[in-house]
Amino acid sequence: MVLQNILKKSSDEKGSSKNAKVEDLFAVSGADGAKNTWHLDSDMNLGVLWEKKDETSAITFVNDVFLNSFKYKASDIHIEPREKSVIIRFRVDGNFINYKEVSIKQKDAIVARIKIMSYLRIDEHRLPQDGKINYKLFWGKTIDMRVSVIPTIYWEKCVIRILKKDSKPPQLQELGIMPYNMVKIKKHLKDSYGMILAVWPTGSGKSTSLFSLLSQYNPEEKNISTLEDPVEYRINGVNHTQINPSIGFSFAGWLRSLLRQDPDIIMVGEIRDEETAKLAVEASITGHIVFSTIHTNSATHTIQRLVNLGVDPLLICSSLRFIISQRLARKLCPSCKIAYKPSEKIHKYIMGKVGKFIKEKKDLVLYKSKEWGCDCCNHTGYSWRVGLYEVLEMTDKMEELVLQNASRIQLEVQAVGDGMVPIKEDGLLKVVLWDTSIEEILSVLGT
């Protein structure tokens, strides 16, 4: 609607100079500086790029793919060659949406265009390549894109991760953190030193959670520094550093240098190796608060992972404050979700897991997605995502088990005994609160 109003206004104005200025607004340039003019298509909200009215040009096609991925709020773009065609898919809220299928004859031009925009070698087809695109939109917004190209038996496949440069991370309350977890988190944010970890595989919102925690501090009172790859959020007053492993700017190397900068709070984007793990732990027990992420499958797995990375269990007990394990589930579309009474089997399952949190046990009403959704949710029944969390707090009894090299099951039993609500129970409570459906929780976390 905003674009339509701008176009309408420009058409009412007289004079070629004014129209030229409006035309300049609708310019999009890639990393190579090539500009294209955006003409609004009545069938699309974002529009379609055309260059010299040539619908078959690679520049037009790639820009069309990019703009529509922004329209659908996609996190990734997959360009996959098959035997007779090229398939373009978007990952939206963790699930794939098929966007377009084109002739295999266009594969060379599409891949070449993406390589040019991300400064990759267009004559290299045998080895994987990684690059970045700094995509500038006509309204001044810039979107970072990480590009990965690998060879397949049919041609080269491209996967593009869309990294939006957000100036402000969401508040903790907006993430879906429940009160029983919020109490633990806010208690340890007052600590003067220690390590706080967010864990789970890629794409589960770990960095967003850490930045929300980081935004609880006042940069005017604390010296806050981050080491990231890439920089996702910009917080005013925080010293953001982009690492570059290709020239020796690794997390471990920069962390060692950063400790000489008199920091109060440090955020390390990811603990990837033994050196980074040991440096982060040492920093957290020498008067610094350290935030970081690590790829593990649960909060209790994280402790074992740190031990496997060579960190002394005694140092883990001295440094670790709490671990946030999280996943993302799709939220039900508020415009088309449907209320229903659960079956006896589902009712019994939910009560067996989270009945202690529910007052009205008999009159339980749940919501589910509409079969074909609506226009607001692109006919998926879901819109946006909500976080599912478990927070493991390091208590005296947990520390004793860590020093005894206890098994993961022993650690988990003790964590639950200390008050940790498992992530599946947190997810079922989001179902009871009508944020998501039980089908989505079982799909994300299993039965």
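Computed from a predicted model, the values in this text were never measured in an experiment.

About the thresholds
Residues numbered from 1 in each chain as written. Predicted model: local features only at pLDDT ≥ 70, side-chain atom pairs only at ≥ 80, totals over all residues. Heavy atoms only, no water. Helix = DSSP H or I, 4+ residues; strand = E, 2+ residues; numbered from the N terminus. Buried < 20%, exposed > 50% of the residue type's maximum accessible area, 1.4 Å probe, protein only. Areas by Shrake-Rupley, 256 points an atom, 1.4 Å probe, with all protein chains shown as cover. Salt bridge = Lys/Arg side-chain N within 4 Å of Asp/Glu carboxyl O. Pairing = 2+ DSSP bridges. Core = buried A, V, L, I, M, F, W, Y, C linked by side-chain atoms within 4.5 Å. Contact = heavy atoms within 4.5 Å. Axes fitted to C-alpha atoms, helices over the stretch in contact; angles between N-to-C directions. Phe/Tyr/Trp six-rings, centres within 6.5 Å; stacked < 30°, edge-to-face > 60°. Lys NZ or Arg CZ within 6 Å of the ring centre and 35° of its normal. Polar contact = N/O pair within 3.5 Å; in protein donor to acceptor, adjacent residues only side chain to side chain.

Asks: When you look at the overall build of the protein chain in this model, what are you seeing that I'm missing?
Replies: What the protein chain contains, in helices and strands, is 15 helices and 18 strands. Among the 447 residues that make up the protein chain, the fraction classed as buried is 48%. As displayed, the protein chain offers around 22500 Å² of accessible surface, 51% of which is attributable to carbon and sulfur atoms.

Asks: Hey, could you run me through the pattern of salt bridges in this one?
Replies: As a working rule, side chains carrying opposite charge can pair if their charged atoms are close by. Taken as a whole and judged by the stated rule, the model has 17 salt bridges. E80 is paired through a salt bridge with R89; the nearest N and O atoms lie 2.9 Å apart. Of the two residues, E80 and R89, neither departs from the other in class, the shared state being buried. Of the charged contacts in the structure, one is a salt bridge between E393 and K187, with a shortest N-O distance of 2.5 Å. Here E393, found in strand 18 (residues 382-393), pairs with K187, found in helix 5 (residues 179-188); they are 206 residues apart in sequence, far enough to count as distant. Through salt bridges with shared partners, a single network forms among E80, R82, R89 and K157.

Asks: Help me understand the pairing of strand 8 (residues 142-151) in this model?
Replies: As judged from the eight bridges shared by strand 7 (residues 129-136) and strand 8, these two strands associate in the antiparallel manner. Residue K136 lies in a different strand from strand 8, and its bridge partner there is T142. What sits between strand 7 and strand 8 in their antiparallel hairpin is a turn of five residues, with G140 showing a positive phi close to 95°. Examined bridge by bridge, strand 8 and strand 9 (residues 156-164) share nine bridges and lie antiparallel to one another. In the strand pairing of strand 9, V147 is matched with I160.

Asks: Explanation requested: the nonpolar core in the structure shown.
Replies: Residues M195, L197, I303, L320, I323 and L392 are the most contacted members of the largest nonpolar core, which totals 37 residues. A total of five residues in this core trace back to one element, the largest contributor, which is helix 8 (residues 274-284). Setting aside anything within four residues of it in sequence, one finds I303 in contact with I316, L320, I323, L392, M394, M398, V402 and L411. Core analysis: the next-biggest nonpolar cluster, separate from the first, contains 30 residues, V62, A74, L120 and I162 among them.

Asks: Help me understand the sheet that holds strand 18, please; the structure alone is not making it clear to me.
Replies: By definition, the strands of a sheet pair up through backbone hydrogen bonds, in either a parallel or an antiparallel sense. Spatially, seven strands are ordered 12-11-13-14-10-15-18 in an open sheet, and the strand pairing comes out mixed. On the outer flanks of this sheet lie strand 12 (239-242) and strand 18, each paired with one strand and no other. Direction aside, neighbouring strands of the sheet carry axes that sit 20° apart on average. Bridge analysis of strand 10 (residues 194-199) against strand 14 (residues 289-294) gives six bridges, and the strand direction is parallel. Bridge pairing links A198 to T293 in strand 14. Lying on the sheet, helix 15 (residues 438-445) is in contact with strand 15 (320-332) and strand 18; it crosses strand 15 at an angle near 130°.

Asks: What am I meant to see in the packing of aromatic side chains here?
Replies: Between two aromatic rings, the relevant description is the distance of the centres plus the angle of the planes. The tally for this structure, following the rule as stated, stands at eight aromatic pairs. Note on Y72 and F90: the rings are 6.1 Å apart at their centroids and 45° apart in plane angle, and the pair reads as tilted. Of this pair, Y72 sits in the loop between helix 3 (58-71) and strand 4 (76-81) while F90 sits in strand 5 (residues 85-92), placing them 18 residues apart in sequence. By relative accessible area, F90 is classed as buried at 0%. Ring centres 6.2 Å apart and planes at 70° place the aromatic pair Y217 and F291 in the edge-to-face group. Taken as a pair, Y217 in the loop between helix 6 (206-214) and strand 11 (224-228) and F291 in strand 14 lie far apart in primary sequence, 74 residues in all. Taking relative accessible area as the criterion, F291 reaches 0% and is therefore assigned buried. Following the ring pairs from residue to residue traces out a cluster consisting of F66, F70 and Y135. Taking NZ or CZ as reference, R321 lies 4.8 Å from the ring centre of Y193, over its face. It is K337 that lies over the ring of Y367; its NZ or CZ is 5.0 Å from the centre.

Asks: Could you clarify how one ought to interpret the side chain of T276 in this entry?
Replies: Tracing the backbone shows T276 in helix 8. By relative accessible area, which is 1% here, T276 ends up buried. Filtering out sequence-adjacent residues up to four positions away, T276 remains in contact with F251, A252, L255, V268, E270 and I271.

Asks: Hey, could you run me through unusual backbone geometry in this one?
Replies: Negative phi characterises most residues that are not glycine, and trans characterises most peptide bonds. A positive phi angle, near 60°, is found at K73, a position not held by glycine. Looking at the element boundaries, K73 is found in the loop between helix 3 and strand 4. Accessibility expressed as a relative area gives 43% for K73, which makes it partly exposed. Of note, the phi angle at N405 is positive, near 55°, even though the residue is not glycine. Looking at where N405 falls in the secondary structure, it is placed in the loop between helix 12 (396-403) and helix 13 (408-417).

Asks: Please clarify how the environment of Q326 should be interpreted in this entry.
Replies: Relative to the elements of secondary structure, Q326 occurs in strand 15. Sequence separation of Q326 and E390 is 64 residues, and the distance between their C-alpha atoms is 6.5 Å. There is a polar contact of 3.0 Å between the side chain of Q326 and the backbone oxygen of G205. Looking at Q326, its side chain comes within polar contact range of the side chain of S209, at 2.7 Å.

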